[in-house]
Amino acid sequence: MTYHPKSEFMSVMMKRGFLADCTDYQGLDDALSNGVVPAYIGYDATAKSLHIGHLLNIMVLRWFQKTGHKPITLMGGGTTKVGDPSFRADERPLLDEAAINANIDGMQKVFANYLSYGDGASDAIMLNNAEWLDDLNYLSFLRDIGRHFSVNRMLSFESVKSRLDREQSLSFLEFNYMILQAYDFLEINRRYNCLLQMGGSDQWGNIVNGIDLTRRVLDHEIYGLTTPLLTTSDGKKMGKSQGGAIWLNGDMLSPYEFWQFWRNTTDADTGRFLKLYTELPVEECNRLGALEGSEINAAKIILANEVTTLLHGADAAKAAEATAREVFEKGGVGDDLPTLTLSTDDLGDGISIGQLIVRAGLAGSGKEAKRLIAENGAKLNDEPLTNPGLMIDAAALAQPIKLSAGKKRHALVQLG
């Protein structure tokens, strides 16, 4: 549909490619044009860090605040105890309270880099849904909230339907998740006058449930907006790499490795990622994305620097670029490479080069490391590795050694 928004936020969402769907374009645009609107995105505490898959919606919250509105980051201290079944083939492992709280502590560090928290009209606030979910009375909840939900309709949601169509078990616990998430929207609207829930397009059904429930119980008009589920131009889910998840916490993934992920963006994705993950003007993103040949590499370095600066700061971005130049252009080692430090106990009488490649994070398994060596994709101190049985002992580690997987992934190994 062609819609010409009045509000700055909706204009940014459309121009930069953030918008997948909205429950009421006109109604939301009018609300955003008439004053400060609070909006939230929920994050279940299933890991100690957010990852790159969350970054798109964190940027949405950042733009929301930059255009004068109030972002709410909702931590799922309560809903994590149930687990979101959306588009999963199996039930999430259940975490205890201590693990959930530790995960929330780890995740909170990231938001402070993107949002300004405080007591002002457009300052962000952080909530935890355990505040209202932990003490719910089951019978009261069934009577006051459960009666508004049709099981027939819940079964028709794609996230549930796809699980049942594959004849995969869906527990009653998980089935309750969508009711709890809908109740979150009701409570945040009641407590904070929150008018908007945002999320990935896989959350559409959950968001619509919350809107319906709030209308039925409070008779309030509220809205939902979804962002696209991103895949890279080669069809892979955004944020997946050979080494595993691209974490946003620096203690789980170094700023250099984070920078390198963005530097390795494919040519076809560069312009789109500049619009989504940086604050460069749209015209500049389009110009950089249209570069060809070796010139597109300059655009990728700008992308890596801009995204890394937002998360880890300008100094970390500069250090990462300097390390990359040292490693790639001059064949050196670089000060900022991911480093594996082994003790003499770790080393024992020696460790195979395949194990070392795995422990350095350059391969997911010994089998993958052997294949890397067999296909001439591994290097030791910039020289091709040909012997998968090579043993590395203390003498070989008298100086740090550099391991490489392909042209773009490197690590140092040293004795501690």
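Worth saying up front: this structure is predicted, and the values here are computed from it rather than measured.

Parameters and conventions
Residues numbered from 1 in each chain as written. Predicted model: local features only at pLDDT ≥ 70, side-chain atom pairs only at ≥ 80, totals over all residues. Heavy atoms only, no water. Helix = DSSP H or I, 4+ residues; strand = E, 2+ residues; numbered from the N terminus. Rg over C-alpha atoms; globule rule 2.2 N^0.38 Å. Contact = heavy atoms within 4.5 Å. Phe/Tyr/Trp six-rings, centres within 6.5 Å; stacked < 30°, edge-to-face > 60°. Buried < 20%, exposed > 50% of the residue type's maximum accessible area, 1.4 Å probe, protein only. Pairing = 2+ DSSP bridges. Salt bridge = Lys/Arg side-chain N within 4 Å of Asp/Glu carboxyl O. Axes fitted to C-alpha atoms, helices over the stretch in contact; angles between N-to-C directions. Left-handed = near helix turned anticlockwise from the far one by under 90°. Nonpolar A, V, L, I, M, F, W, Y, C, P; charged D, E, K, R; others polar. Patch = residues over 30% accessible without salt bridge, like charges linked within 9 Å, V, L, I, M, F, W, Y side chains within 5 Å. Areas by Shrake-Rupley, 256 points an atom, 1.4 Å probe, with all protein chains shown as cover. Core = buried A, V, L, I, M, F, W, Y, C linked by side-chain atoms within 4.5 Å. Domains from an automatic or database assignment. Lys, Arg positive; Asp, Glu negative; His and termini not counted. Polar contact = N/O pair within 3.5 Å; in protein donor to acceptor, adjacent residues only side chain to side chain.

1. Some details on the overall build of the protein chain
- What the protein chain contains, in helices and strands, is 19 helices and 15 strands.
- What you see for the protein chain is a C-alpha radius of gyration of 24 Å, in line with the 22 Å of a compact globule of 416 residues.
- Nonlocal contacts in the protein chain, meaning residues at least 24 apart in sequence, comprise 73% of its contacts between residues at least 6 apart.

2. Notes on the packing of aromatic side chains
- Inspection of the entire model under this criterion finds 9 aromatic pairs.
- Measuring from ring centre to ring centre gives 6.1 Å for Phe 258 and Trp 262, while their planes differ by 70°; the resulting arrangement is edge-to-face. Residue Phe 258 and its partner Trp 262 are located together in helix H12 (residues 255-263), separated by 4 residues, close to a single helical turn. Just as Phe 258 is buried, Trp 262 falls in that class too.
- The buried category is assigned to Trp 262, whose relative accessible area is 0%.
- Among the aromatic residues, those joined into a cluster by ring pairs are Phe 258, Phe 261, Trp 262, Phe 273 and Tyr 277.

3. With respect to the sheet that holds strand E11 (residues 378-380)
- With mixed pairing, 5 strands are arranged side by side in an open sheet as E9-E15-E14-E11-E12. Each edge of the sheet is formed by a strand with only one pairing partner; in this case those strands are strand E9 (339-342) and strand E12 (383-384).

4. Side note on the pattern of salt bridges
- For the coordinates displayed, the defined rule picks out 16 salt bridges.
- The salt bridge involving Lys 66 is made with Glu 279; its shortest N-O contact spans 3.6 Å. You can see Lys 66 sitting in helix H3 (residues 52-66) and its partner Glu 279 sitting in the loop between helix H13 (267-277) and helix H14 (282-289), a full 213 residues away along the chain.
- By relative accessible area, which is 26% here, Glu 279 ends up partly exposed.
- Among the ionic pairs, Arg 191 bridges to Glu 187, the shortest N-O distance being 2.7 Å. Highlighted residues: Arg 191 and Glu 187, both in helix H10 (residues 177-192), separated by 4 residues, approximately one helical turn.
- Looking at Arg 191, the relative accessible area reads 40%, which means it is partly exposed.
- Through salt bridges with shared partners, a single ionic network connects Glu 131, Glu 187, Arg 190 and Arg 191.

5. Here's the deal with helix H2 (residues 25-33)
- The set of residues buried in H2 consists of Tyr 25, Gly 27, Leu 28, Asp 29, Ala 31 and Leu 32.
- Just beyond H2, the residue with positive phi is Gly 35, at close to 150°.

6. Some details on the packing of helix H1 (residues 8-16) against H3
- One can describe the packing of H1 onto H3 by two numbers: an axis separation of 9 Å at closest approach and a directional angle of 145°. In terms of crossing hand, the pair formed by H1 and H3 is right-handed. Counting all contacts with H1, which are made through Phe 9, Val 12, Met 13 and Arg 16, the residues of H3 involved are Val 60, Trp 63 and Phe 64.
- Of the residues belonging to the contact of H1 with H3, the class tally is 6 nonpolar, no polar and 1 charged.

7. Regarding a nonpolar patch on the surface
- Nonpolar side chains collect at one region of the surface, where Tyr 138, Leu 139, Leu 142 and Phe 172 lie side by side and expose about 470 Å² of accessible area between them.
- At 3 residues, helix H6 (residues 138-144) tops the list of elements feeding residues into the nonpolar patch.
- Within the secondary structure, Phe 172 is located in helix H9 (residues 172-175).

8. Looking at the nonpolar core
- By size, the foremost hydrophobic cluster in this structure holds 100 residues, and its most contacted members are Phe 9, Leu 55, Met 198, Phe 258, Trp 262 and Tyr 277.
- Formed jointly, this core draws a minimum of three residues from each of two domains, domain 1 (8-227) and domain 2 (254-329).
- Every residue in contact with Met 198, bar those within four places of it in the chain, is listed here: Phe 9, Ala 39, Tyr 40, Ile 41, Val 60, Leu 61, Phe 64, Ile 207 and Leu 225.
- Ile 353, Ala 363, Leu 385 and Leu 397 belong to the second largest nonpolar core, which has 23 residues in total.

9. A closer look at the domain arrangement of the protein chain
- Split into domains, the protein chain comes out as domain 1 (8-227), domain 2 (254-329) and domain 3 (339-415).
- Its C-alpha centre places domain 1 at a distance of 43 Å from the equivalent point of domain 3.

10. Describing the side chain of Arg 16
- Its location among the elements puts Arg 16 in helix H1.
- Salt bridges are absent for the buried Arg 16, whose nearest opposite-charge side chain, Glu 283, sits at 7.4 Å.
- Only 2.9 Å separates the side chain of Arg 16 from the backbone oxygen of Thr 278, close enough to count as a polar contact.
- Excluding its chain neighbours within four sequence positions, the residues that come into contact with Arg 16 are Trp 63, Leu 274, Lys 275, Leu 276, Thr 278, Glu 279, Leu 280, Pro 281, Val 282 and Cys 285.

11. Quick notes on unusual backbone geometry
- Within the chain, Asn 193 stands out as a residue other than glycine whose phi angle is a positive 55°.
- Within the secondary structure, Asn 193 sits in the loop between H10 and strand E5 (196-200).
- Phi angles above zero are rare outside glycine, and Asp 219 is one such case at about 60°.
- Following the sequence through the fold, Asp 219 ends up in the loop between helix H11 (204-218) and strand E6 (223-227).
- The class of Asp 219 is exposed, set by a relative accessible area of 66%.

12. Concerning the sheet that holds strand E2 (residues 38-44)
- With respect to topology, 6 strands assemble into an open sheet ordered E1-E6-E5-E2-E3-E4, the strand pairing being mixed. Each of the sheet's edge strands pairs with one partner strand only, and the pair in question is strand E1 (21-22) and strand E4 (125-128).
- Of the strand pairs in this sheet, E5 and E6 are connected by 5 bridges, and their pairing is parallel. Among the inter-strand pairings, Leu 196 is bridged to a residue of E6, identified as Tyr 223.
- Against the sheet, H2 makes contact with E1, E5 and E6, and its axis sits at roughly 100° relative to E6, the strand it touches most.
- Against the sheet, H3 contacts E2, strand E3 (70-76), E5 and E6, and its axis sits at roughly 160° relative to E2.

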